[in-house]
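Residue-level structural notes
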Amino acid sequence: MKTVIWIVAALLLCACHREVSEYAKVILENSGTDWPLYVKGDSSQILIPLETTEESLIGGYDRILMNDSIICIADKAKSKTIFIFDGEGHFKSKIMKVGRGPGEYIFPDEVALKNDTVLVYDRAVRKMLYYGLDGTFYKEVHFGVYRPETFVLKDSGHFVFYVGMPEVTEDNAEVAVTDLNGKFTEQYFKRPDLTDKQGRFAVPDYFTQNANGIFFIPVFEDKMYRLTEDSVQMVFDFQFKDFMYSFDEIGEKPIIEHERKYSYFDDFFMTDEGTFVCFICRGNLNIVSLCGNIYTGELLTWEGDWPVEGVYKNYFITTTEYKEGEQSDMGNNRALLLIPGSRLMNR
């Protein structure tokens, strides 16, 4: 039987266009097992089968991007390919430009979808590549001496990056706003050194973006922030600080060897209604999944992995096995499963 502990915690919350309470109700639930998202017969879910052809067969679903008319599947690890489908799952084209020449990437570390343009960021060679939905290469931008990491698009003229290069300590900042050519315009959470005692630095995937802005969780911190026009604003306090390591506390052991304390958040997504999912790593054995809402202050946690790979409006996106008609020898693509964020908080 699951143990549910209700804790009333004073959380400092602030949000845009919504009124929030000063005190929030936090639910801690550790079932010890993963939670299956798919519920057969649930009419609130949306199922979008992805067309399977020899050209469109997907090896891995590392990141899913979606707007009103386009679906992009980033298969980073297996084929280093971005597959492009229309909103109903019909295959349109793919971007597979692996190499070291113009218009090519070594590895598609980060992928973004902006209207009819797909952006691919190659961390190894520090460049952003622009492609059309038919796979046509448009242009690339190099970022000079520093190497930004994870990114989101702030607007039509700015990127937001995590930047933490040990050899360029004067430019270290957890959050850096740049123009489209990579020039810094704003920097937040500047620190003289973002490395631990062995010279390592963390590269979490902690940016998320919805209709109300860009949100992030700094490395080894337990607070969520929203990037405003000219500052940052704290919107959620997880109150895990006493259970988290700092860079100095790690000492001589790698992060993954610690089993008792948390290190950093990862796989962070938020719906337009403010419901978010992410997980926090604890040593190399446990992952604690989190689901909460920045407006109500509720937080649900459980032991186990989290299968969400994307977000669209008020839906989280994952994938599920799907078979229709005769299955090809290659196998079938999975189907996208869109799950309302509100259902997760009322599970």
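It should be noted that the structure appears before, not after, this text.
Residues numbered from 1 in each chain as written. Predicted model: local features only at pLDDT ≥ 70, side-chain atom pairs only at ≥ 80, totals over all residues. Heavy atoms only, no water.

Topic: the layout of surface pockets
Convention followed: Here a cavity is any set of points on a 1 Å grid over the protein atoms alone where a 1.4 Å probe fits but cannot get out, and a pocket is any open set with protein on both sides within 12 Å along at least 5 of 7 lines; a residue lines the site when it has an atom within 4 Å of a point. Grid points are joined across faces, edges and corners, and a volume is the space filled by probe spheres set on the points. For this scheme, ten residues count as nonpolar: Ala, Val, Leu, Ile, Met, Phe, Trp, Tyr, Cys and Pro. Four count as charged, namely Asp, Glu, Lys and Arg, and the remainder, Gly too, count as polar.
Taken as a whole, the largest pocket spans an internal volume of roughly 1,100 Å³. Residue composition of the lining of the largest pocket, grouped by class: 18 nonpolar, 10 polar and 13 charged.

So, the side chain of Asn-67
Threshold: Working definition: helices are DSSP H or I runs of at least four residues, strands are E runs of at least two. Numbering for both runs from the N terminus. N or O atoms closer than or at 3.5 Å make up a polar contact, with two conditions inside protein: a donor-capable atom paired with an acceptor-capable one, and, for residues adjacent in sequence, both atoms drawn from side chains. What makes two residues a contact is simply this: any of their non-hydrogen atoms within 4.5 Å.
Mapped onto the elements, Asn-67 comes out in the loop between strand 4 (63–66) and strand 5 (70–75). Within the structure, the side chain of Asn-67 is placed 3.0 Å from the backbone nitrogen of Ser-69, a separation counted as a polar contact. In terms of polar contacts, Asn-67 uses its side chain to reach the backbone carbonyl oxygen of Asn-115, at 3.5 Å. Each residue touching Asn-67, except ones within four places of it in the same chain, is listed here: Leu-113, Asn-115 and Tyr-312.

Comments concerning the sheet that holds strand 24 (residues 310–312)
Heads up, the rule is: Whether two strands pair comes down to DSSP finding at least two bridges between them. Interaxial angles span 0 to 180 degrees and are taken between N-to-C directions of axes, which are lines fitted to C-alpha atoms, for helices over the stretch in contact.
The sheet built from four strands is open, its strands ordered 3-26-25-24 with antiparallel pairing. Because the sheet does not close on itself, it has two edges, and the strands there are strand 3 (46–49) and strand 24. On average, each strand axis in the sheet is tilted by 35 degrees relative to the strand beside it, whichever way the strands run. Here strand 24 runs beside strand 25 (residues 315–320); their pairing, made up of three bridges, is antiparallel. Within strand 25, the position partnered with Tyr-312 by the bridge is Tyr-315.

Here's the deal with the packing of aromatic side chains
Using the following cut-off: Aromatic rings from Phe, Tyr and Trp, with only the six-membered ring used for Trp, were paired whenever their centres fell within 6.5 Å, and each pair was classed as stacked if the ring planes differed by under 30 degrees, edge-to-face if by over 60, and tilted otherwise. Exposure classes here rest on a 1.4 Å probe applied to the protein chains alone. A residue is buried below 20% of its type maximum, exposed above 50%, and partly exposed in between.
As enumerated under the stated definition, the model contains 17 aromatic pairs in all. Residues Phe-143 and Phe-161 carry aromatic rings whose centres are separated by 5.4 Å and whose planes lie at 75 degrees to one another, so their mutual orientation is edge-to-face. Remark: Phe-161 occurs in strand 13 (residues 158–163) and Phe-143 occurs in the loop between strand 11 (137–142) and strand 12 (151–155); sequence separation between them is 18 residues. Of the two residues examined, Phe-143 and Phe-161, each falls in the buried class. Taken together, the ring pairs connect Tyr-121, Phe-143, Phe-151, Phe-159 and Phe-161 into an aromatic cluster.

Quick look at the sheet that holds strand 18 (residues 223–227)
Picture the strands of a sheet paired through backbone hydrogen bonds; they go either parallel or antiparallel. Pairing in this open sheet of four strands is antiparallel, and the strands run 16-17-18-19 from one edge to the other. A single partner strand is all that each edge strand has here, and the edge strands are strand 16 (208–210) and strand 19 (232–237). Geometrically, the sheet is characterised by an average inter-axis angle of 30 degrees between neighbouring strands, direction not taken into account. Here five bridges tie strand 18 to strand 19, and the two strands are oriented antiparallel to one another. Across the sheet, the residue bridging to Tyr-225 is Met-234, located in strand 19.

Some details on the environment of Gly-135
Secondary-structure assignment places Gly-135 in the loop between strand 10 (127–132) and strand 11. Each C-alpha atom, one on Gly-135 and one on Val-118, is 8.7 Å from the other, the two residues being 17 residues apart in sequence. Apart from the residues lying within four places of it in its own chain, the contact partners of Gly-135 are Ser-93, Lys-94, Ile-95 and Lys-97.

As for the pattern of salt bridges
The following threshold applies: Any Lys or Arg side-chain nitrogen located within 4 Å of an Asp or Glu carboxyl oxygen qualifies as a salt bridge.
Scanning all chains against the criterion turns up eight salt bridges. For Glu-110, the salt bridge is made with Arg-123, and the minimal N-O distance between the two is 4.0 Å. Taken together, the residues Glu-110 in strand 8 (residues 110–114) and Arg-123 in the loop between strand 9 (117–122) and strand 10 connect sequence positions 13 residues apart. Classification of Glu-110 by relative accessible area gives buried; the value is 9%.

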